[in-house]
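This is what each chain is made of:
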Amino acid sequence: AGIIDAAGAVLGDEPVSRLAVKKISARRSHEAKRKEEMEFRRKRLLDRMENKGGAAGGGPSGGADDALMQTAQLKAQKATAERLCVDKKVPTLPDGVTLRDDPMTKTVAFLNSMPKLT
């Protein structure tokens, strides 16, 4: 027995008060509920994105759902753009040479580089 912090670790030898236990329990339950709601919301948005929105509007909260849908699409678009913008090294070029280098630089790099034998 002892004082329990938010992570559930025992801090001291004093007994834990009833209010502290209730507070920790409420915090944990609220965090779990929030995570479940966010997961449900994310799945619903993904389903709507896959179905291209389904019925437009859909109900009294249609405007809010449309805004959430646009936000989710924008986030997905940004993630895709970040993934596509990463420079990929061409496997046939030696280290220190890019596709945009002039032919002489590439030729010198090829002549001076040694293949990696494993």
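Structural notes, computed from the coordinates. None of these values were measured; they are calculated from a predicted model. (Residues numbered from 1 in each chain as written. Predicted model: local features only at pLDDT ≥ 70, side-chain atom pairs only at ≥ 80, totals over all residues. Heavy atoms only, no water.)

1. Description of the overall build of the protein
- Along the backbone of the protein there are three helices and zero strands.
- Reading the secondary structure of the protein in the N-to-C direction produces α-α-α.
- Burial status across the protein gives 11% buried among its 118 residues.
- For the protein, the accessible area works out to roughly 10,200 Å², and carbon and sulfur atoms hold 59% of it. (Helix = DSSP H or I, 4+ residues; strand = E, 2+ residues; numbered from the N terminus. Buried < 20%, exposed > 50% of the residue type's maximum accessible area, 1.4 Å probe, protein only. Areas by Shrake-Rupley, 256 points an atom, 1.4 Å probe, with all protein chains shown as cover.)

2. Considering the environment of Leu111
- Here Leu111 shows up in helix 3 (residues 103-112).
- Exposure remark for Leu111: the relative accessible area of 69% places this residue in the exposed category.
- Taking the C-alpha atoms as reference points, Leu111 and Pro94, separated by 17 residues in sequence, lie 9.9 Å from one another.

3. Focus on the layout of surface pockets
- By volume, the largest pocket is sized at about 260 Å³.
- The wall of the largest pocket is formed by Met38, Arg41, Arg42, Leu45, Leu46, Met49, Leu68, Thr71, Ala72, Lys75 and Ala76.
- Those elements that provide at least two residues to the lining of the largest pocket are helix 1 (18-50) and helix 2 (62-85).
- Per-element accounting of the lining of the largest pocket gives the leading share, six residues, to helix 1.
- Across the lining of the largest pocket, the residue classes break down as seven nonpolar, one polar and three charged. (1 Å grid on protein atoms, 1.4 Å probe; cavity = no way out; pocket = protein on both sides within 12 Å on 5 of 7 lines; lining within 4 Å. Points joined across faces, edges and corners; volume = space filled by probe spheres on them. Nonpolar A, V, L, I, M, F, W, Y, C, P; charged D, E, K, R; others polar.)

4. A word on the pattern of salt bridges
- On inspection of all chains with the given rule, the structure shows one salt bridge.
- Of the charged contacts in the structure, one is a salt bridge between Arg42 and Glu39, with a shortest N-O distance of 2.6 Å. Taken together, the residues span about one helical turn, with Arg42 and Glu39 both in helix 1 at a distance of three residues. (Salt bridge = Lys/Arg side-chain N within 4 Å of Asp/Glu carboxyl O.)

5. Observations regarding helix 1
- Here helix 1 contains 33 residues, and its C-alpha end-to-end distance of 48 Å stays within 8% of the 48 Å for a straight helix at 1.5 Å per residue.
- Along helix 1, the residues classified as buried are Ile24, Leu45 and Arg48. (Expected span 1.5 Å × (residues − 1).)

6. Topic: the environment of Val108
- Tracing the backbone through its elements, the reader meets Val108 in helix 3.
- When its relative accessible area of 42% is taken as the criterion, Val108 is described as partly exposed.
- On a C-alpha basis, the gap between Val108 and Val97 in space is 10.0 Å, while along the polypeptide they are eleven residues apart.

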